[in-house]
Amino acid sequence: MSSIDPAEIAKFEAMAAEWWDPQGKFRPLHLMNPLRLDYIADQIAAEFGRDRRSLRPFHGLRVLDIGCGGGLVAEPVARLGADVVGADAAEANIAVARVHARQQGLEVDYRATTAEDLAAAGEMFDVVLALEIVEHVANPTAFVATCQRLVRPGGLVILSTLNRTARSFGAAIIGAEWIMRWLPRGTHDWRRFITPDELAAKAHQAGLMVADCRGMVFNPLTFGWRLSDRDLSVNYILTARRP
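Residues numbered from 1 in each chain as written. Predicted model: local features only at pLDDT ≥ 70, side-chain atom pairs only at ≥ 80, totals over all residues. Heavy atoms only, no water.

J.: Explain the pattern of salt bridges to me, using residue names and the numbers behind them.
T.: As enumerated under the stated definition, the model contains 14 salt bridges in all. With its nearest N and O atoms 3.1 Å apart, the salt bridge here joins D51 to R53. You can call D51 partly exposed: its relative accessible area is 38%. Members of the salt-bridge network, linked through shared partners, are R62, D109, R111 and E123. (Salt bridge = Lys/Arg side-chain N within 4 Å of Asp/Glu carboxyl O. Buried < 20%, exposed > 50% of the residue type's maximum accessible area, 1.4 Å probe, protein only.)

See below:
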């Protein structure tokens, strides 16, 4: 079963050229990115016993970034030494990502493909990243199960998404789409947001063990982000381990 929703892919195809514009339609991701990357790096370093202070701490690790978009996460993870595959079903996103990586002198294996096709080909990774994508797939339960198939035993699956609460409707849709106009109206469908308990249940059903779950909290006064152990009401990020 494919996780691809053609209507969702079309939305991001239309915005592909703006991936690396920090003031463009992907401004929310640019603002969030340092926090996401710091969290991801901490989780990987702790799991695999790596020293983040070293020059290329993730050398020898194979990382998959599903729904990689223009490469906002894939590129910095590659800079940390990982062998990165960036996968996206939107070919326009992959085209942008390839050009930008080449301009930066980075080697990232970008592919216009799906998680299901990678799993069917027998691809395996130490870490699978699925960031701000699970709320856009056709079947989240099947998608998380595919993530489990793609990660090696002892590896990590890291997912970030939006909680389904009144606050998330206010922040992600009314705030980001209607008022700030950072994103086109209709980019998100609140009904497709997933609560942390629901995502944890899907991970457990897929044979993954949830190791950590934190909120990512936006401050509209400073435009900064912080992690929270208690406030998961809007954005959150979850790490699960394959036994």
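J.: Quick rundown of the packing of aromatic side chains? Include the residues and the values.
T.: In the structure shown here, the tally under the stated rule is four aromatic pairs. Between F169 and W190 the ring centres are 6.3 Å apart and the planes differ by 85°, which places this aromatic pair in the edge-to-face class. Placement of the pair is F169 in helix α7 (residues 166-179) and W190 in the loop between α7 and α8 (196-205), with a sequence separation of 21 residues. With relative accessibility at 29%, the residue F169 sits in the partly exposed group. With a centroid separation of 5.2 Å and an interplanar angle of 45°, the aromatic rings of F218 and W225 are classed as tilted. Here F218 falls in the partly exposed class, since its relative accessible area comes to 27%. In textbook terms, an aromatic cluster arises when at least three aromatic residues are bridged by ring pairs, as seen for F218, F223 and W225. (Phe/Tyr/Trp six-rings, centres within 6.5 Å; stacked < 30°, edge-to-face > 60°. Helix = DSSP H or I, 4+ residues; strand = E, 2+ residues; numbered from the N terminus.)

J.: With reference to specific residues and values, describe unusual backbone geometry.
T.: Of note, the phi angle at E132 is positive, near 50°, even though the residue is not glycine. Here E132 is to be found in the loop between β4 (125-131) and α6 (140-150).

J.: Could you give me a rundown of the pairing of strand β2 (residues 83-87), with the residues and numbers involved?
T.: The side chains of a regular strand alternate, first on one face of the sheet and then on the other. Of all the five residues making up β2, four are buried; the element is thus mostly covered by neighbouring parts of the structure. Inspection of the sheet shows strand β1 (residues 62-66) paired to β2 by five bridges, in the parallel sense. Each bridged residue has a counterpart across the sheet, and for R62 the counterpart in β2 is D83. Of the crossover connections in this fold, the one passing from β1 over helix α3 (residues 74-79) to the parallel β2 is right-handed. The pairing of β2 with strand β3 (residues 109-111) spans three bridges and is parallel. Looking at the pairing, A87 lines up with R111 of β3. (Pairing = 2+ DSSP bridges. Right-handed = clockwise from strand over helix to strand, strands pointing away.)

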